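This is what each chain is made of:
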Amino acid sequence: MPEVPSPSTTELRAQIERLERENQQLRQHAPPEAVAHLLEKVENAKREWEVTVDVLSELICLINSDGEIQRANRTVERWQLGQVMTIKGQNLLELLHPEPDASKAAFEAFWKKGWQRLAKGQSARGEYFNTALQRHLSIHLLPLTKENPLEPVAIVIKDVTEQRRAEEALASEREMLDVTLHSIGDGVITTDVDGRIALFNQIAEKLTGWKEYEALGRSLNEVFLIYDEDTREPCENPVQKTLKANTAISYPNHVILVSRDQKEYGILLSGSPLHNTKGEMMGVVITFQDVTEMRRLERSKFSFLNSISHELRTPLTSILGFSDLLLYNANPEDYQEYVNQIRKSAERQSNLVEALLTIVKLESDAEEYQLETVDAYPLLEEILVYGSEFIEIMLHERHPNRIPSFNYHYTLPEELRPIKIRVDENRIQKVIENLLSNAVKYSSIENISIHVEVRLQDGYLEIHIQDQGRGIPPEEMEHIFKPFYQVRERRYDVSDGIGCGLTMVNRHVRAHGGHIRVESTVGEGSHFTIILPVKSES
Ligand code: ADP
């Protein structure tokens with residue numbers, strides 16, 4: 001805030017004016033000794049005023065209506081603008097701004113407006129940055145007399161640079177803190193000791209579903225709903241827990257945060273007390289990290305180990321069983337059958353190991369493709385005709401005692417005859433068989449109904465594989481192409497795969513320059529579409 005001359009200065013000035021008025025009267029009527037005495041008093045008062053005004057750090061000038069300096073205090077020397085004795089008559093505007101620039105223009109604009117206020121007997125205040133002095137200046141224009149407010153005018157200019165710098169530093173520190181808190185990957189909430197929210201960053205907004213402006217001032221209990229993942233019991237409020245402990249705390253159990261729209265996030269949660277400089281508790285800072293994906297991976301690691309052990313054990317059990325029969329069963333007519341069973345189981349295990357190796361290769365991008373340009377129609381016809389047999393073999397494996405009935409048909413339009421595609425034939429066959437096998441696996445035994453349709457669409461070849469199975473929940477859709485991901489609870493009576501089929505399908509299709517689309521409704525079925533580029537004639 002710009003400052004005005006101190007009361008003593010004002011008083012002194014009033015005193016001088018009064019004395020000068022008395023002086024006028026006395027000059028006319030009083031005896032010479034009285035005049036001399038009075039003049040001395042006036043001189044003393046003037047000196048006193050000058051001394052007082054000189055020690056003030058503000059630049060104080062008296063100015064006439066042309067903007068020329070009549071008197072100035074010693075600050076003109078401190079600011080190296082000139083000498084007190086020689087400054088009289090100089091134009092203040094030119095003195096403060098030797099060069100025409102934006103800051104001079106700003107001063108002029110203020111001056112013009114200020115002058116209008118002075119004309120009405122009012123004072124004016126303003127602030128700007130003076131580029132010549134490299135200082136922030138606050139200006140205060142004051143009319144000195146009511147009768148003639150424009151002559152002389154007092155101008156008080158205060159250097160407020162340090163004040164502004166401190167304010168700027170504080171503001172930029174605040175901004176930095178704000179940006180930091182809003183850009184870090186963890187959720188951060190601070191509260192006062194009563195648990196009222198004082199700060200709420202973007203991640204907190206994302207995970208709780210509350211906007212910062214809605215959350216501020218609310219109780220943490222209302223916004224931050226946390227439960228024990230296993231027991232589903234509410235967790236102790238982190239503010240109370242931290243205040244009680246009076247030290248940093250964390251939650252050992254798995255905690256879930258339930259957002260405003262009922263989404264659940266696995267979080268790692270900790271709280272720390274906030275103390276002021278006197279060591280008094282001011283509130284609590286709560287930080288939390290979204291570990292939903294990490295926990296999902298942990299779970300899928302266990303589920304993978306579970307699946308793979310099961311997948312490896314099933315054929316081994318059968319190999320061991322039939323080997324025992326061969327060893328101890330003396331009936332030679334059965335030998336052929338036992339050896340066949342052993343071979344089948346060994347083949348199944350070899351396929352599994354093959355699939356694992358493929359995934360490893362795909363993950364390290366080491367898989368090689370034998371791409372050739374071929375006619376689409378005969379290749380797809382061969383694969384789709386075999387589809388029926390493929391499903392039958394699969395069902396036989398899963399239900400050796402009674403193969404369930406199934407409904408399989410495909411559509412292959414004649415317009416595909418001239419179409420060529422660039423593919424690795426074996427890989428394309430694997431892709432289609434994998435999708436057929438999933439369509440069977442995830443359909444109920446009472447309703448295995450699979451329809452394949454090949455279409456030409458916008459210059460691409462589309463292979464649609466639809467089933468009427470159990471469908472995929474929407475929240476699982478983004479995960480099903482990840483390696484070792486399985487939506488279902490495992491069934492131990494049949495071989496169900498290890499959660500890598502769709503990973504392989506996706507990688508193969510992409511290696512052909514294509515992509516894959518899925519639509520699915522739980523309870524109604526799934527629709528996978530492979531989209532492959534068509535080879536142009538040239
Ligand atoms: P898996 O070896 O488990 O079949 P996949 O990678 O082929 O592995 O599939 C991943 C998961 O996607 C499956 O566990 C299953 O839950 C789901 N899924 C795949 N295809 C279908 C389908 N046609 N219908 C329903 N769920 C499916």
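Attention here is on the structure that accompanies the text.

## Section: the packing of helix H14 (residues 425-441) against helix H15 (residues 501-511)
When two helices pack together, their arrangement is given by the angle between their axes and by how far apart the axes lie. It is the contact of H14 with H15, at a shortest axis distance of 9 Å, that shows an interaxial angle of 145°. H14 and H15 meet at a crossing whose hand is left-handed. Between H14 and H15, the contacting residues are Arg427, Lys430, Val431, Asn434, Leu435 and Asn438 on the first element and Gly501, Leu502, Met504, Val505, His508 and Val509 on the second. A class-by-class count of the residues in the contact of H14 with H15 yields six nonpolar, four polar and two charged.

## Re a nonpolar patch on the surface
Together, Leu312, Val353 and Leu357 give the surface a local cluster of nonpolar side chains, amounting to about 220 Å² of exposed area. Here Leu357 is to be found in helix H12 (residues 335-363).

## Let's talk about the pairing of strand E5 (residues 153-159)
Of all seven residues that make up E5, six are buried, and the element is covered over most of its length. With five bridges connecting them, strand E1 (residues 59-63) and E5 associate as antiparallel partners. Pairing of Ile63 across the sheet is with Val153, part of E5. Relative to E5, strand E4 (residues 135-143) runs antiparallel, the two sharing seven bridges. Looking at the pairing, Leu137 lines up with Asp159 of E5.

## Looking at the sheet that holds strand E19 (residues 525-533)
Read across the sheet, five strands follow the order E14-E16-E17-E19-E18 without closing on themselves; strand pairing throughout is mixed. In this open sheet, the two edge strands, each paired with only one partner strand, are strand E14 (407-411) and strand E18 (515-521). Sheet twist, expressed as the average angle between the axes of neighbouring strands with direction ignored, equals 15°. By the bridge criterion, five bridges tie E14 to strand E16 (residues 449-457) in an arrangement that is parallel. If you follow Tyr408 over to E16, its bridge partner there is Ile450.

What counts, and at which threshold
Residues numbered from 1 in each chain as written. Predicted model: local features only at pLDDT ≥ 70, side-chain atom pairs only at ≥ 80, totals over all residues. Heavy atoms only, no water. Axes fitted to C-alpha atoms, helices over the stretch in contact; angles between N-to-C directions. Helix = DSSP H or I, 4+ residues; strand = E, 2+ residues; numbered from the N terminus. Left-handed = near helix turned anticlockwise from the far one by under 90°. Contact = heavy atoms within 4.5 Å. Nonpolar A, V, L, I, M, F, W, Y, C, P; charged D, E, K, R; others polar. Patch = residues over 30% accessible without salt bridge, like charges linked within 9 Å, V, L, I, M, F, W, Y side chains within 5 Å. Areas by Shrake-Rupley, 256 points an atom, 1.4 Å probe, with all protein chains shown as cover. Salt bridge = Lys/Arg side-chain N within 4 Å of Asp/Glu carboxyl O. Buried < 20%, exposed > 50% of the residue type's maximum accessible area, 1.4 Å probe, protein only. Pairing = 2+ DSSP bridges.

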